[in-house]
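Okay, here's what each chain looks like letter by letter:
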Amino acid sequence: MIIALVAVLGGAGAATRFVVDGLIRSRWSAVFPVATVVVNVTGSLLLGLLVGASAAGVVGEPLLTAAGAGFCGGYTTFSTAMVETVRLVQDGRLRRAALNALGTGVLTVAAVLGGIALGQALL
């Protein structure tokens, strides 16, 4: 049953990423990959909330696994972030490439930590 939930939620996460990415790109067409950063940070925050809620005993292990590996795994896209970083390097935009790679790492870790703290405190 968990495998089926991971598959369904993974598809829902990927579809959500597609919509969110498209909405952001339609409003902010920039040289910097803002949409991918937003997706990865919000997905990391959600995963942190799930982990925090699980640690607080509010979310059970099956839901954490299905939603974390499924939805958050399908929603976030770190491989795209790195491809976009390489493209920025290839275009000679080295500062933007460094900002994308390092910024994505720092922001997503901060989002997970914040999500865990919120999940434990609010739930």
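Given the structure is predicted, the values throughout are model-derived calculations rather than measurements.

## Observations regarding the overall build of the protein
Line of reasoning, step 1. Across its full length, the protein holds five helices and zero strands.
Line of reasoning, step 2. With the principal axes as the frame, the protein shows a C-alpha extent of 50 × 30 × 25 Å.
Line of reasoning, step 3. Evaluated residue by residue, the protein yields a buried proportion of 33% over its 123 residues.
Line of reasoning, step 4. Long-range contacts, defined as pairs at least 24 residues apart, comprise 74% of the intrachain contacts of the protein with a sequence gap of at least 6.
Line of reasoning, step 5. For the protein, the accessible surface area stands at approximately 7000 Å², while carbon and sulfur atoms represent 72% of it.
Line of reasoning, step 6. Side chains of the protein give 7 positive and 4 negative charges; the mean places of these two sets differ by 10 Å.

## Some thoughts on the packing of aromatic side chains
Line of reasoning, step 1. With the rule as written, the count across this model stands at one aromatic pair.
Line of reasoning, step 2. Between F71 and Y75, the ring centres sit 5.8 Å apart and the planes meet at 15°, which makes this aromatic pair stacked. Remark: Y75 and F71 occur in helix α3 (residues 61-75); sequence separation between them is four residues, near one turn of the helix. The residues F71 and Y75 share a single accessibility class, namely buried.

## Some details on the nonpolar core
Nonpolar side chains tend toward joint burial in soluble globular proteins.
Line of reasoning, step 1. In this structure, L50, A53, V59, L64, A67 and C72 together form the largest nonpolar core, which totals six residues.
Line of reasoning, step 2. Residue assignment for this core shows that the elements contributing at least two residues are α2 (34-55) and α3.
Line of reasoning, step 3. Sorting elements by how many residues they give to this core places α3 first, with three residues.

## What to know about the UniProt feature "binding site: Na(+)" (unreviewed entry) in the protein
Line of reasoning, step 1. Cross-referencing UniProt, the feature "binding site: Na(+)" (unreviewed entry) maps to G73 and T76 in the present numbering.
Line of reasoning, step 2. On the secondary structure map, G73 appears in helix α3.
Line of reasoning, step 3. Inspection of the secondary structure assignment puts T76 in the loop between α3 and α4 (78-90).
Line of reasoning, step 4. Under the relative-accessibility criterion, T76 is labelled buried at 16%.
Line of reasoning, step 5. Excluding residues that lie within four positions of it along the chain, T76 makes contacts with R17, V39, N40, G43 and S44.

Rules used in this analysis
Residues numbered from 1 in each chain as written. Predicted model: local features only at pLDDT ≥ 70, side-chain atom pairs only at ≥ 80, totals over all residues. Heavy atoms only, no water. Helix = DSSP H or I, 4+ residues; strand = E, 2+ residues; numbered from the N terminus. Buried < 20%, exposed > 50% of the residue type's maximum accessible area, 1.4 Å probe, protein only. Contact = heavy atoms within 4.5 Å. Areas by Shrake-Rupley, 256 points an atom, 1.4 Å probe, with all protein chains shown as cover. Lys, Arg positive; Asp, Glu negative; His and termini not counted. Charge placed at Lys NZ, Arg CZ, Asp CG, Glu CD. Phe/Tyr/Trp six-rings, centres within 6.5 Å; stacked < 30°, edge-to-face > 60°. Core = buried A, V, L, I, M, F, W, Y, C linked by side-chain atoms within 4.5 Å. UniProt positions renumbered as here; feature names shortened; annotations may be inferred.

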